[in-house]
Amino acid sequence: MTEDSEALGEFDRIARFFAPLAKDAPGAFGLTDDAAALPPLAEGQEWVVTVDALVSAVHFLPDDPPELVARKALRVNLSDLAAMGAVPYGYTLALALPKDMAEPQRWLAAFSRGLAADQAEFGIHLLGGDSVSTPGPVTLSITAFGRGPRDGVLRRSGAAPGHDVWVSGTIGDGALGLRVAQGLLSGRFADLADRYRLPAPRVTLGPRLAGLATAALDVSDGLVQDAGHIATHSGCHLVIEAPLVPISASVADLVSDDPDLFAEVLTGGDDYELLFTAAPEAADAIEAAGREAGVSVTRIGRVQSGAGVEVLDHHGAPLDGLIARGWRHF
């Protein structure tokens, strides 16, 4: 008998694949009730909540392994919490699968294994959710809960002229990794495809930036476009020095062979690194926070009076044609 020879209804699927993910979560009640109960927070903390939806062929490739789909869905939410300086607590999941999906039980088993792996890595649990059918592609939405400092969560609106612009990790791995995964770039750069499929949320760094960073977000839609969000909400002008933007060895090799790819590095999405601003006097503390978190941090520019984003080349001249680029759904 195969794993999918026995059809499972909605509640059987929840009991088999998802209830085990909630067994150690206080207030989840084994996913047997209508909602979960969140515990009271310690003094000086507040809840931080985020939600992200992923759709097959938009946010992941249809033939991506279900384990990695699950882990990416969870990690992009944890990245949002990190950008707010919050420590992850738990999450809910809404999952819509096609009625005519081939071997749904096998897919669900692999998907739940992926969630279990990241729950163990990040110390979180499933709190609840929903499981439904859809006439469209696989669609899932995760709502993640974190605990942040009351009145001290990081926002996009605190940058000011004179501040520095920083970024964590390396930029461009996600965008070029998608091209590798699609077969558009050489398969010898499989490490980039892995970065696209399995981003690394900076949950160890984000909380350490609380009280140091003045504005922050995660780079999901492209470095330049996301820098524009800080500029808009802070009412200032961000200058990014392109030669300072950190890139991995694989991205450097690709750009060396095809310099036109550097525009994709600056504007492509799916990096899930932290982009943040800080006063110059915080530089030593930020570098120390990066060392403690095991995450590299790099100063890539400055904040000035004005509006929008400007990217400068190694001569200090503006790079044209970048500002309008970046991922957009509509």
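Residues numbered from 1 in each chain as written. Predicted model: local features only at pLDDT ≥ 70, side-chain atom pairs only at ≥ 80, totals over all residues. Heavy atoms only, no water.

*Asks:* Please clarify how unusual backbone geometry should be interpreted in this entry.
*Replies:* Of all residues except glycine, most have a negative phi; of all peptide bonds, most are trans. The backbone phi angle of Asp151 is positive, close to 60°, even though this residue is not glycine. Within the secondary structure layout, Asp151 lies in the loop between strand S4 (139–149) and strand S5 (164–168). (Helix = DSSP H or I, 4+ residues; strand = E, 2+ residues; numbered from the N terminus.)

*Asks:* Got a minute to help me understand the layout of surface pockets in this structure?
*Replies:* By rolling a water-sized probe across the atoms, one finds the places where empty space is left. Estimates place the volume of the second largest pocket at around 430 Å³. What lines the second largest pocket is a set of 22 residues, among which Ile14, Leu31, Asp33, Gly128 and Gly129 lie closest to the centre. Contributing elements (two or more residues each) for the lining of the second largest pocket: helix H1 (10–18), strand S2 (87–98) and strand S3 (125–134). When residues of the lining of the second largest pocket are assigned to their parent elements, the largest contribution, six residues, is made by S3. Split by residue class, the lining of the second largest pocket holds 12 nonpolar, six polar and four charged. (1 Å grid on protein atoms, 1.4 Å probe; cavity = no way out; pocket = protein on both sides within 12 Å on 5 of 7 lines; lining within 4 Å. Points joined across faces, edges and corners; volume = space filled by probe spheres on them. Nonpolar A, V, L, I, M, F, W, Y, C, P; charged D, E, K, R; others polar.)

*Asks:* Whenever I open this one, the environment of Pro318 confuses me. Can you help?
*Replies:* Inspection of the secondary structure puts Pro318 in the segment after strand S10 (308–312). The spatial distance from the C-alpha of Pro318 to the C-alpha of Phe11 is 57 Å, given a sequence separation of 307 residues. Ignoring sequence-local partners within four residues, the contact set of Pro318 consists of Glu310, Val311 and Leu312. (Contact = heavy atoms within 4.5 Å.)

*Asks:* Explanation requested: the sheet that holds S2 in the structure shown.
*Replies:* One key point about sheets: their strands pair by backbone hydrogen bonds, in either a parallel or an antiparallel sense. Across the sheet, which stays open at both edges, the four strands sit in the order S1-S4-S2-S3 with mixed pairing between neighbours. Since the sheet does not close on itself, it has two edges, and those belong to strand S1 (45–55) and S3, each with one partner. If you compare each strand with its neighbour and ignore which way they point, the axes differ by 15° on average. The sheet contact formed by S1 and S4 spans 11 bridges and is antiparallel. Looking at S4, one finds that Leu54 is bridged to Leu140. Strands in contact with H1 are S2 and S3; relative to S3, the strand with the most contacts, it is inclined by about 145°. Together, S2, S3 and S4 form the strand contacts of helix H3 (residues 104–122), whose direction differs from that of S2 by roughly 170°. (Pairing = 2+ DSSP bridges. Axes fitted to C-alpha atoms, helices over the stretch in contact; angles between N-to-C directions.)

*Asks:* Help me understand a negative patch on the surface, please; the structure alone is not making it clear to me.
*Replies:* Negative charge collects at one region of the surface, where Asp253, Asp257, Asp258 and Asp260 lie side by side. Residue placement: Asp258 occurs in the loop between helix H8 (249–257) and helix H9 (261–267). A residue is classified by how much of its surface remains accessible, and Asp258, at 32% relative accessible area, is partly exposed. (Patch = residues over 30% accessible without salt bridge, like charges linked within 9 Å, V, L, I, M, F, W, Y side chains within 5 Å. Areas by Shrake-Rupley, 256 points an atom, 1.4 Å probe, with all protein chains shown as cover. Salt bridge = Lys/Arg side-chain N within 4 Å of Asp/Glu carboxyl O. Lys, Arg positive; Asp, Glu negative; His and termini not counted. Charge placed at Lys NZ, Arg CZ, Asp CG, Glu CD. Buried < 20%, exposed > 50% of the residue type's maximum accessible area, 1.4 Å probe, protein only.)

*Asks:* Is there a simple way to explain the pattern of salt bridges in this structure?
*Replies:* Close approach of charged atoms lets side chains of opposite charge pair. Considering all chains together, one arrives at 16 salt bridges under this definition. Note that Glu292 is salt-bridged to Arg208, the shortest N-O span being 3.3 Å. Highlighted residues: Glu292 in helix H10 (residues 283–293) and Arg208 in helix H6 (residues 206–209), separated in sequence by 84 residues. Relative accessible area serves as the criterion here: at 57%, Glu292 is assigned to the exposed category. Residue class for Arg208 comes out partly exposed when judged on its relative accessible area of 34%. Residues joined by salt bridges that share partners form a network here, namely Arg71, Arg75, Asp118 and Glu121.

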